[in-house]
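Descriptive structure summary
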Amino acid sequence: MRKSSRGTLLSAQTVFLAVFTCCAATALGQNRVVLNADLGRDTISRHIYGHFSEHLGRCIYGGYFVGEGNAKIPNTRGIRKDVVEALKKMKIPNLRWPGGCFADTYHWRDGIGPKAKRPSMVNTWWGGVTEDNSFGTHEFLDLCEQLGTEPYITGNVGSGTVQEFAQWVQYVNFAGISPMSVLRKEHGREKPWKVRFWGIGNEAWGCGGNMTAEYYANVYRTFATFIPADGGSGPLWRIASGASSADYHWTEVLMRDVPHGLLEGIALHHYSVDWDHKSSATKFTEAEYFDTMRRALQMEELVTKHTNIMERYDPEKKVALVVDEWGGWYDVEPGSNPAFLYQQNSMRDAMIAGVTLNIFNNHADRVRMANLAQTVNVLQAVVLTDEERMIVTPTYHVMEMYAVHHDALMLPVDVRGELYALGDKSIPALSASASRGTDGTIHCSLVNIDPGHSREVVVELRGASCSSVTGRILASSKIQDHNTFEAPDKVKPAAFTGAKLSGTTLRVQMPPCSVVVLSLRMNI
Ligand code: AHR
């Protein structure tokens, strides 16, 4: 949970330097991407395409879960079929739960066993609503099985105990006989779920306990000691609560003070938001759009600098950088509960997703997991629901189009492009990343965030030759365009015919504010 003072903004100077370095070649007015097809080394983990679902507003209740026996909304054991189908199509690789800030108030034992006997609690972070605990561990893991996705569970550090956390891991993962595995079996689940990803608290610097980095490092050491790397059914990832945006001290202290044998990942949270002026999700000005884009592009600097710190302590890259909360954050939709963070999702969000995922792809060596906030009805959602109706958002389409990069070999790109200028400020207009799939196809994702100018992008292929190119595009005439329950397909991908191949050069015509994913068939 944020206050306006919370995010340490990057200095104007560092942003300027990053922009200047990236775009020094723009005087020619040319946009050029060198795609190094022969320099692939790192795999883009599919887990950077992960999602996050908190007990917040209508994310869980109404979003995923409508209750067993709901006759109006088709469901499997209370979980909406339409949402599951949509997310499966997007190939959702992992799902983080139960929070967020909620995680450090959550006591998992309240959410197991017969529903009539489950105690309720107050969701203190998100509107003071009563949480009846009808969606708990079994329901979440059922959801993950229906989705075919890996669970990522964040345990309670702020108001929980080491014992409570360790018992949760045992309940979920232990195959042998123990008090917790016996309890699990009594509640109807014979086999362990084998959950690999565990977050050790959330935002420990804020809603997770207002701790200092030094204090949390010690707390982390204690918790991680009792959650052994082998959680009873294989190796676990213990993920430390990470920095907020540019809080480099946090990462430095964790990397320095936590023995790396206790640590598989360190988180980072960054929202593309001006906390003092969030703006409407759909009725925003170009200046507000520009500001959001500037903040989304800051992810490049953040990932680079946090990675550089990690590099010093862990040159072998054992510890992953896990950006487990990112996305746009605007004013809530008029008339909706301000604590529920329900916002629409426009082409602006598609641009955030496109550039952010390109950044993650390009840092695949260290960024091995990430989670968009949040999947359904909250913040930069990929799915919105209204009773029995459901729509997918522009962000959904970008995630689905980019699924071609999952577990593919990252191919380094060198991007030189024009600037998107507004007033006396400018940021790079073009962003790109590329990968090679197991079938040999190369995919290149390109984003032109400039709403006022189309761009011709020249992609030079190095180290391979290509026989044909196809593509898909997401574009719309206005940056404010979005899908509604009345017009669910206003923004959707289309076949792209604006790429022409000549030898090893591709000329790509990118409309204003567009995301293009190209598929290049290679000569053998
Ligand atoms: O995603 C909403 C909130 O943002 C999360 O609960 C918290 O971790 C972050 O401050």
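Our subject is the structure listed above.
Residues numbered from 1 in each chain as written. Predicted model: local features only at pLDDT ≥ 70, side-chain atom pairs only at ≥ 80, totals over all residues. Heavy atoms only, no water.

**A look at the overall build of the protein**
What counts is decided by this rule: The helix count covers DSSP runs of H or I at least four residues long, the strand count covers runs of E at least two residues long, and both are numbered beginning at the N terminus. Each radius of gyration reported is based on C-alpha atoms, and the globular scaling rule is 2.2 Å times the count of residues to the power 0.38. For every residue, the accessible area (1.4 Å probe, protein chains only) is compared with the maximum for its type, and the residue is labelled buried under 20%, exposed over 50%, or partly exposed between those bounds.
Within the protein, the secondary structure is distributed over 10 helices and 27 strands. Rg of the C-alpha trace for the protein: 22 Å, near the compact-globule value of 24 Å for 524 residues, within the 12% margin. In terms of principal-axis extent, the alpha carbons of the protein reach across some 70 × 55 × 50 Å. For the protein, buried positions account for 60% of its 524 residues.

**Observations regarding helix H4 (residues 162-173)**
Here is the rule we go by: In this scheme, a helix's expected span is set at 1.5 Å multiplied by one less than its residue total.
The terminal C-alpha atoms of H4 lie 16 Å apart, and with 12 residues this matches the ideal 16 Å at 1.5 Å per residue to within 8%. Within the span of H4, buried status applies to Glu164, Phe165, Trp168, Val169, Tyr171, Val172 and Asn173.

**Section: the packing of aromatic side chains**
Formally: Two rings from Phe, Tyr or Trp (for Trp, the six-membered ring) form a pair when their centres sit within 6.5 Å of each other. Planes less than 30 degrees apart are called stacked, planes more than 60 degrees apart edge-to-face, and all others tilted. Charge-over-ring contacts are defined here by two conditions on Lys NZ or Arg CZ: a distance within 6 Å of the ring centre and an angle within 35 degrees of the ring normal.
Inspection of the entire model under this criterion finds 23 aromatic pairs. Arranged with centres 6.1 Å apart and planes meeting at 50°, the rings of phenylalanine 165 and tryptophan 198 form a pair that is tilted. Residue phenylalanine 165 is found in helix H4, and its partner tryptophan 198 is found in strand E9 (residues 197-200); the two are separated by 33 residues along the sequence. Classification of tryptophan 198 as buried rests on a relative accessible area of 0%. A centroid spacing of 5.7 Å and a plane angle of 20° characterise the contact between tyrosine 216 and tryptophan 250, whose relative ring orientation is stacked. Here tyrosine 216 is found in helix H6 (residues 213-225), whereas its partner tryptophan 250 is found in helix H7 (residues 248-257), with 34 residues between them in sequence. Considered together, tyrosine 216 and tryptophan 250 belong to a single accessibility category, that of buried residues. The side chain of arginine 348 reaches across the aromatic face of phenylalanine 284, ending 3.8 Å from its centre.

**Structural notes on the sheet that holds strand E1 (residues 31-36)**
For clarity, the threshold we go by: By this definition, two strands are paired if DSSP reports at least two bridges between them. The axes are straight lines fitted to the C-alpha atoms, using for helices just the contacting stretch, and the angles between their N-to-C directions are given from 0 to 180°.
One open sheet holds the five strands; their spatial order is E17-E1-E22-E26-E25, and the pairing between them is mixed. At either end of the open sheet lies a strand with only one pairing partner, and these are strand E17 (413-416) and strand E25 (499-502). Direction aside, the axes of adjacent strands within the sheet are offset by 15° on average.

**Focus on the state of the cysteines**
As used here, a disulfide is simply a covalent bond connecting the sulfur atoms of two cysteines. The criterion, for reference: Cysteine sulfur atoms that come within 2.5 Å of each other are treated as a disulfide pair.
Inspection of every chain in the model, using the stated rule, returns one disulfide. Disulfide pairing places cysteine 101 opposite cysteine 207 at an S-S distance of 2.2 Å. The sign of the S-S torsion, about -85°, decides the handedness of the disulfide formed by cysteine 101 and cysteine 207: left-handed. Here cysteine 207 lies in the loop between E9 and H6 and cysteine 101 lies in the loop between strand E5 (94-97) and strand E6 (121-123), a separation of 106 residues in the sequence. With respect to class, cysteine 101 is no different from cysteine 207; both count as buried. Of the cysteine sulfurs around cysteine 59, a residue in no disulfide, the closest is that of cysteine 144, at 12 Å. What makes cysteine 59 buried here is its relative accessible area of 0%. Free cysteine cysteine 444: the closest other cysteine sulfur is in cysteine 466, separated by 11 Å.

**A few points about the environment of aspartate 110**
Within the secondary structure, aspartate 110 is located in the loop between E5 and E6. Spatially, the C-alpha atoms of aspartate 110 and glycine 136 are 7.9 Å apart, while their sequence positions differ by 26 residues.

**Re helix H2 (residues 81-89)**
Using the following cut-off: Here the arc refers to the directions that run from the helix axis out to each C-beta atom. Note on contacts: a residue pair is in contact if any heavy atoms of the two residues lie within 4.5 Å.
Buried within H2 are the following residues: Val83, Val84, Ala86 and Leu87. For H2, the buried positions fall inside an angular range of 165° around the axis, keeping them on one side. Next to the buried residues of H2 lie strand E4 (79-80), helix H3 (137-147), strand E14 (383-386), strand E15 (389-392) and helix H10 (394-401).

**Considerations on the nonpolar core**
We count it as follows: Note on terminology: a nonpolar core comprises buried Ala, Val, Leu, Ile, Met, Phe, Trp, Tyr and Cys residues joined through side-chain atoms within 4.5 Å.
With 129 residues, the main nonpolar core has Tyr64, Trp326, Met351, Phe360 and Ile449 as its most contacted residues. With 10 residues, helix H8 (residues 286-313) is the single largest residue contributor to this core. Residue contacts for tyrosine 64: discarding those within four places in its chain leaves Ser53, Cys59, Gly78, Ile79, Arg80, Val83, Leu87, Leu95, Leu143, Thr375 and Val376. Listed in part, the 28 residues of the second largest apolar core include Val459, Leu461, Val516 and Leu518.

**Description of the sheet that holds strand E27 (residues 514-522)**
The strand order across the open sheet formed by six strands is E16-E20-E21-E27-E23-E24, and the pairing between neighbours is antiparallel. Pairing within the sheet leaves two strands with one partner each, and these edge strands are strand E16 (409-411) and strand E24 (494-495). Summarising the sheet, strand E20 (residues 430-436) and strand E21 (residues 442-448) pair through seven bridges and their orientation is antiparallel. Directly across from serine 431, in E21, lies its bridge partner valine 447. Contacting E16, E20, E21, strand E23 (466-475) and E27, helix H9 (residues 347-362) crosses the sheet at an angle of about 50° to E20. Strand contacts of H10: E23 and E27, with the helix running at about 165° to E23, the strand carrying the most contacts.

**Description of the pattern of salt bridges**
Here is the rule we go by: Within this document, salt bridges are pairs made up of a side-chain nitrogen of Lys or Arg and a carboxyl oxygen of Asp or Glu, the two lying within 4 Å of each other.
Summed over all chains, the structure comprises 35 salt bridges. Ionic pairing is found between arginine 77 and aspartate 142, a salt bridge with its closest N-O pair at 2.7 Å. Of this pair, arginine 77 sits in the loop between strand E3 (75-76) and E4 while aspartate 142 sits in helix H3, placing them 65 residues apart in sequence. For aspartate 142, a relative accessible area of 13% puts it in the buried group.

**Notes on the pairing of E1**
Along E1, five of the six residues are buried, which leaves the element largely enclosed by surrounding structure. Here E1 pairs with strand E22 (residues 455-462) via six bridges, running parallel. Its bridge partner being in E22, valine 34 is matched across the sheet by glutamate 460. Where E1 lies against E17, four bridges are found, and the strand directions are antiparallel.

**Some thoughts on the packing of H4 against helix H5 (residues 179-186)**
Under the convention used in this document: The cut-offs work like this: below 35 degrees is roughly parallel, past 145 is roughly antiparallel, 65 to 115 is roughly perpendicular, and the gaps in between are oblique. Crossing handedness is read from the near helix: turned anticlockwise from the far helix by less than a right angle, it gives a left-handed crossing, and turned clockwise, a right-handed one. In this classification, Asp, Glu, Lys and Arg are treated as charged, Ala, Val, Leu, Ile, Met, Phe, Trp, Tyr, Cys and Pro as nonpolar, and every other residue, Gly included, as polar.
Put simply, H4 and H5 touch, their axes get as near as 8 Å, and they point 55° apart. Taken together, H4 and H5 sit at an angle that is classed as oblique. The handedness of the crossing between H4 and H5 comes out as right-handed. On the side of H4, the interface is formed by Gln167, Gln170, Tyr171, Val172 and Asn173, while H5 contributes Pro179, Met180, Leu183 and Arg184. Of the residues contributing to the contact of H4 with H5, the split by class is five nonpolar, three polar and one charged.

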